[in-house]
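If you want the building blocks of each chain, they are given just below.
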Amino acid sequence: MSTLHYMTAIKRMKQFSAVDIPFSFEYIKLNGEHKVVNAATLRSGYRNNQSKRAKYLIAYYDHEEGTNRQFHRALLIKLNGVNVTL
C-alpha cells in the first residue's frame, strides 16, 4: 500500500486546487472523530499576522456542504484514498 508524507499531500492538494480539480481527503478532528470530505479545494487561509496558528491550519472549501472549513495539517490522514503519514 502506498503512502504520502503530509507535506507532499498538501503540495498535491495545492496543485489540484490551482486547476480547480476537487479532491477527497480525511482528517482527524480535534475531538477524535474522523472527518471525510468528498469534494474540496483549498482556499486562502489566515495570514501570519492574523493568527499564530496560520502556518498549521489548512483552509478548504467543501463543495458538498457549500462551506468554508479548516483543519490542522498534522491531522491529515488520507488524500484521494491514499494514506498520509507525518
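Scroll up to find the structure this text is about.
Residues numbered from 1 in each chain as written. Predicted model: local features only at pLDDT ≥ 70, side-chain atom pairs only at ≥ 80, totals over all residues. Heavy atoms only, no water.

Colleague: Could you clarify how one ought to interpret the layout of surface pockets in this entry?
Modeller: Any empty space left between the atoms is revealed when a probe the size of a water molecule rolls over them. When its volume is computed, the largest pocket comes out at roughly 290 Å³. I10, K14, L57, I58 and A59 are the residues nearest the centre of the largest pocket, which is lined by 16 residues in total. Breaking the lining of the largest pocket down by element, the ones donating at least two residues are α1 (6-18) and β4 (57-62). No other element matches α1, which puts four residues into the lining of the largest pocket. Partitioned by chemical class, the residues of the lining of the largest pocket number eight nonpolar, three polar and five charged. (1 Å grid on protein atoms, 1.4 Å probe; cavity = no way out; pocket = protein on both sides within 12 Å on 5 of 7 lines; lining within 4 Å. Points joined across faces, edges and corners; volume = space filled by probe spheres on them. Helix = DSSP H or I, 4+ residues; strand = E, 2+ residues; numbered from the N terminus. Nonpolar A, V, L, I, M, F, W, Y, C, P; charged D, E, K, R; others polar.)

Colleague: Explain the sheet that holds β4 here, please?
Modeller: Consider a sheet: its strands pair through backbone hydrogen bonds, and that pairing is either parallel or antiparallel. The sheet built from seven strands is open, its strands ordered β1-β7-β6-β2-β3-β4-β5 with mixed pairing. Every other strand in the sheet has two partners, leaving β1 (3-5) and β5 (67-72) as the edge strands with one partner each. The sheet shows a mean angle of 40° between the axes of neighbouring strands, taken without regard to direction. Where β1 meets strand β7 (residues 82-85), three bridges bridge the pair, whose relative direction is parallel. Residue pairing across strands places H5 opposite T85, the latter belonging to β7. Across the sheet, α1 lies against β1, β2 (23-28), β3 (34-42), β4, β5, β6 (76-79) and β7, angled at about 90° from β1, the strand it touches most. (Pairing = 2+ DSSP bridges. Axes fitted to C-alpha atoms, helices over the stretch in contact; angles between N-to-C directions. Contact = heavy atoms within 4.5 Å.)

Colleague: I keep staring at the nonpolar core and nothing clicks. Help me out?
Modeller: The nonpolar side chains of a soluble globular protein tend to be buried with one another. One finds M13, F23, F25, Y60, F71, L76 and L79 to be the most contacted residues of the largest nonpolar core, which totals 17 residues. Of all the secondary structure elements, the ones that give two or more residues to this core are α1, β2, β3, β4 and β6. Among the elements that line this core, the one with the most residues is α1, at four residues. (Core = buried A, V, L, I, M, F, W, Y, C linked by side-chain atoms within 4.5 Å. Buried < 20%, exposed > 50% of the residue type's maximum accessible area, 1.4 Å probe, protein only.)

Colleague: Looking at this structure, how should I read the pattern of salt bridges?
Modeller: Two side chains that carry opposite charge are able to pair once their charged atoms sit near each other. Evaluated as defined, the whole model comprises three salt bridges. The partner of E65 in a salt bridge is K35, and the shortest N-O contact between them spans 3.1 Å. Of this pair, E65 sits in the loop between β4 and β5 while K35 sits in strand β3, and the two are 30 residues apart along the sequence. For K35, a relative accessible area of 17% translates into the label buried. E65 serves as the salt-bridge partner of R69, at 3.8 Å between the closest nitrogen and oxygen. (Salt bridge = Lys/Arg side-chain N within 4 Å of Asp/Glu carboxyl O.)

Colleague: Would you mind going over the pairing of β5 with me for this structure?
Modeller: Where a strand is regular, its side chains alternate between the two sheet faces. Two elements, β4 and β5, share six bridges in a ladder whose sense is antiparallel. Each residue of the ladder has a partner; that of A59, found in β5, is Q70. Remark: four residues form the turn of the hairpin made by β4 and β5, two consecutive strands paired antiparallel; G66 in that turn has positive phi of roughly 70°.

What is shown is where atoms sit, not what they do.
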